[in-house]
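Descriptive analysis of the structure
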Amino acid sequence: MTAPEIDRRPSADPEPLPAPPSARTVLSGLKRHPIGVAGLGLLLLIVAFCYLGPVLWSTNQTDVNLLDAALPPGPGHPFGTDTNGFDVLGRLMGGGQVSLQIGLLAAVFATVVGTLYGAVAGLAGGVVDGFMMRLVDVLLSVPFLFVVLILSARFHANAWSLALVIGGFSWLISARLVRGEVLTLRVREYVLAARVMGASRRRIVFTHLIPNCLGVIIVNITFQMADSVLVVAALGFLGFGLSYPTTDWGSQLASGVTYISADYWWLVYPVGGCIILTVLALNLIAESLRDAVARKSD
Amino acid sequence: MIWYALRRIAVSVLVLVGISAAVFFLLHLVSESPGRVVLGQRASLEAVAAFNHEHGFDRPVVVQYLSYLWQLLHGDLGRSYKLNEDVLTVLGQNAGRSAMLSLAGLVVALVVAVPLGMLQAVRRNSLVDRLATGVSYVLYATPTFLLGLLLISVFSQQLDLFPAEASQSHSPWVVFTDPRSMALPVLTIAATSVAVFSQYQRSAAVDQLGQDYIRVARAKGLPERLVLSRHLLRNACLPLITLVGTMIPTLLAGSLVVEALFNYPGLGLLFLNSLQREDYPVLLAYTLIGGVFTVLGNFIADIAVAFADRRIELAK
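Source: prediction; values computed, not measured.

A count of helical and extended segments in chain A gives 12 helices and zero strands. Its helices and strands in sequence order give chain A the pattern α-α-α-α-α-α-α-α-α-α-α-α, from N to C terminus. Put simply, chain A has 298 residues, and 49% of those count as buried. Summarising the internal contacts of chain A: among those between residues at least 6 apart in sequence, 74% fall at separations of at least 24.

Quick look at the overall build of chain B now. When helices and strands are tallied, chain B shows 14 helices and two strands. Taken over the C-alpha atoms alone, chain B extends approximately 85 × 60 × 30 Å along its principal axes. The buried share of chain B, taken over its 316 residues, is 38%.

All names here are of chain A. Per-residue confidence for chain A gives a mean pLDDT of 76; residues scoring 70 or more make up 81%. Averaged over each element, pLDDT in chain A is lowest for helix α1 (residues 3-7) (36) and highest for helix α5 (residues 88-124) (86). Counting interchain partners and residues more than four positions distant, the pLDDT-below-50 stretch residues 1-17 has 16 contacts.

The subject of this paragraph is the interface of chain A and chain B. Counting residues at the interface gives 30 residues for chain A and 36 residues for chain B. Of all elements in the fold, only α6 (126-141), α7 (144-154), α10 (201-237), α11 (249-257) and α12 (269-297) of chain A reach the threshold of two or more residues within the side of chain A that touches chain B. The biggest single contributor to the side of chain A that touches chain B is α7 of chain A, with eight residues. In the side of chain A that touches chain B, the residues fall into 23 nonpolar, four polar and three charged.

What follows covers the environment of Ala121 of chain A. Residues and elements named next belong to chain A. As for its position among the elements, Ala121 is in helix α5. Along the chain, Ala121 and Met93 lie 28 residues apart, while their C-alpha atoms are 41 Å from each other. Beyond its immediate stretch of four places on either side in the chain, Ala121 contacts Val128, Asp129, Met132, Met133 and Arg179.

This brings us to α5 of chain A. Residue and element names in this part refer to chain A. Across its 37 residues, α5 extends 53 Å between first and last C-alpha, which sits within 8% of the 54 Å expected from 1.5 Å per residue. The element α5 is largely enclosed, with a buried count of 28 among its 37 residues. Positive phi appears at Gly125, one or two residues downstream of α5, with a value of about 65°.

All names here are of chain B. Counting through the fold element by element, Trp70 comes out in helix α4 (residues 61-73). Here Trp70 falls in the exposed class, since 10 other C-beta atoms lie within 10 Å of it. Residues Trp70 and Tyr200, 130 residues apart in the sequence, show an inter-C-alpha distance of 42 Å.

This part is about helix α1 (residues 2-30) of chain B. The terminal C-alpha atoms of α1 of chain B lie 42 Å apart, and with 29 residues this matches the ideal 42 Å at 1.5 Å per residue to within 8%. Buried residues of α1 of chain B: Val15, Ile19, Ser20, Val23, Phe24 and Leu27 of chain B, and no others.

Describing two packed helices takes the angle between their axes plus the distance from one axis to the other. Residues and elements named next belong to chain A. The geometry of helix α3 (residues 34-51) relative to α5 is characterised by a closest axis approach of 7 Å and an angle of 120° between their N-to-C directions. Considering their axes alone, α3 and α5 lie oblique with respect to each other. Crossing of α3 against α5: the hand is left-handed. Packed against α3, whose contacting residues are Ile46, Val47, Phe49, Cys50 and Tyr51, the element α5 presents Met93, Gly96, Gln97 and Leu100 at the interface.

Further remarks concern the environment of Leu52 of chain A. Examined against the element boundaries, Leu52 of chain A turns out to sit in the loop between α3 and α4 (53-56). Along the primary structure Leu52 of chain A and Gly256 of chain A are separated by 204 residues, whereas in three dimensions their C-alpha atoms are 24 Å apart.

Right, let's get into unusual backbone geometry. Negative phi characterises most residues that are not glycine, and trans characterises most peptide bonds. All names here are of chain B. Even without a glycine there, the phi angle at Asn125 is positive, about 65°. With respect to the helices and strands, the residue Asn125 is situated in the loop between α5 (87-122) and α6 (127-141). For Asn125, a count of 9 C-beta atoms within 10 Å translates into the label exposed. The phi torsion at Asn263 lies on the positive side, around 50°, for a residue other than glycine. Relative to the helices and strands, Asn263 resides in the loop between α12 (238-262) and α13 (267-277).

Below, the discussion takes up the confidence of the model for chain B. Residues and elements named next belong to chain B. Looking at chain B, pLDDT values average 80 and 94% of them are 70 or higher. The least confident element of chain B is helix α8 (residues 174-177), whose mean pLDDT is 70; the most confident is α6, at 87. Across the whole predicted complex the pTM is 0.77, and at the interface the ipTM reaches 0.74.

What counts and what doesn't
Residues numbered from 1 in each chain as written. Chains lettered and ligands numbered in written order. Predicted model: local features only at pLDDT ≥ 70, side-chain atom pairs only at ≥ 80, totals over all residues. Helix = DSSP H or I, 4+ residues; strand = E, 2+ residues; numbered from the N terminus. Buried ≥ 20, exposed ≤ 12 C-beta atoms within 10 Å, placed from the backbone. Contact = placed C-beta atoms within 7 Å. pLDDT = per-residue confidence, 0-100. Nonpolar A, V, L, I, M, F, W, Y, C, P; charged D, E, K, R; others polar. Expected span 1.5 Å × (residues − 1). Axes fitted to C-alpha atoms, helices over the stretch in contact; angles between N-to-C directions. Parallel < 35°, antiparallel > 145°, perpendicular 65-115°, else oblique. Left-handed = near helix turned anticlockwise from the far one by under 90°.

Following this line, the structure appears as C-alpha cells:
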C-alpha cells in the first residue's frame, strides 16, 4: 500500500501527472461539502433508526393481530398499524434493516467483481481487453429489470439472492469505470517501475492499480447502493419482492399503496419518506465524493 | 463518416448476437422443459417428453440456440403457446402504444429540462438554481410508482382533473386522441427524466460557459441572447444527446412500472402478464427487443454526437 505513495512523481518528469485520488483524500474532501456532510448525517440517522430503534421501541412483528389492523396513528402506535396489525414504526425499522442490507450487499458485490474485472481488462489490454469489454457491452444491453424479474419470478427471492442478482447486473458500470481509470494508470512511471522490477501482475493489480482507483470505486459504491434500494422497491411494487415474513421498505410501500384510496395514508407516506430520504442521502454523499475526486485529479 | 458508421454497425451486430445468446441461455436456465409449462402440471411425463421432442426442445442447448438464431434471421420470433399467436404479432400490437407513451414522456421531459438546465447554469447558485436542484434530487430519489400514485391521489382523487386509469384504446395514437387519460402516465415518466436531464444540462452548460469561445462571442459584442442560443445551446446539448440514447432502455423499463400502475396495455404490461403466464417465447423476444433498442440507442447517440460535434475523429 505504501509503494505508490513514494514513486508517484519522479522528479525527472518535467510535467508531473496529477496524483490519482486516494481513498483518504476523497474522504477528507467530503468535509468541504456541507451537502455531503448533511447526507452522511442523514444516512447515519437512518442507520441508527433501523438498528438502534428496535432496542428502544420493541414491538411484536411476528403475530398477526387483526383486532388492531389498520389503526390510524395514535397513542401506543405513533405511525398506526398496518392491515395485519403490525406496528408501522417497528415495521419501518425492521424493513429498513433488510433494505439497507440488500443495498449494501449488492453494491459491495458489484463493486468487488467490477473492480477486479475492470482492472484485469485494463492491465491486459489488446485482444483480451477488447473481448472482455465487448462482453460488458453485451450484458449492459440486456435490459436489467426484465432479467431480474424473470429470475425472481422463477426462483424464490430472499434478501441474499435479491442482492446477488442486483449486484450481478450492476458490476458492469464499475468494470467500465475502473478499466478507464486503469488505462490511464498503467502507463504511469510507478507501474512501469514495478513491472521492470519484475512484480507479478497480481501484485500490480492489488498494490498499485486498485488502491489508486479507490476514489472512483467509493463514489460508485455509494451510487449503486442508492440505485439498489430503488430497484428493490420497484420489484416489491411489481409483486416480485421478498415474501412474508421478511419485509423491506419496497414491499411495505407496495402493499401500502394498494390502500391509498382507503385513505390509509400512514401506510404510504412514512415508508415512502424513508426510501426517499435514504436514496437522497446516498446520492448527496456520492455527489460530494465525486466532486472531491474530480477536484483532486484536476 | 461512412466508415465510422460501418464500423459501429459491425460492432452493434456482434453485440446483438451476444445479447441473443445471453438471453436465450438465461431463459433456458429458468425453463428447461417448455412442454411442462404448456401442457400443465397434470400432463404425463410421456406427453411432456413427446411435446419437447416434437418441438425440438430435447436437442442440445447450442443446437436449439442456433436454430432460434436461424428463425430470427427469417423474421420469426417464435410462437406464444399460451396466446396461440405469433410472438411478432403480439409484440407488434403493443409496441406502438409503448413507444408513443415513452416518446411523449421523453419529449415533455426535454421541453422542460433543457431550458430549465440552461436557466440554472446562467443563474448559477441563485435561489431558482438551488430550488430546482433540490427538487431534482428529491424527484430522483422517489420510486416511480410512488410518484405516480401521488399524482393519482392529487390530480385524480382530490382534484378530479384526470382519470386514474390510462386509456384502454388499442390505437397507438391515444396520446393525441385522448390526452386527458394519458396526462398522468406521461407526467410520471417525464417527472423522473426531468430530474436527470436538467442536472445534466446544467452541468454541461456550466462547463461550456467557462470556455474561450463564449468569452470571444461576448467580447465581440454579441447580445447575450444570441450567445446563449447560437453558441451555448448547441454545445451544451451534446452530453444530453448521449444520455438520451443510453436511457432508451431505461425508459422502457420505467414504463414497465408506469404501464402496470396505470394499466396501460403496452409492452411492459404484456411482459408482466407473460411472466405470470410463464409465456417464455414472449419474454425471450421482448428482452431481445429491449437489447436491440439499447444497441440502436447507443448507435444513434454516437452518430448524432458525431454530427453535432465535428471535432470527433471519425476516421479512427
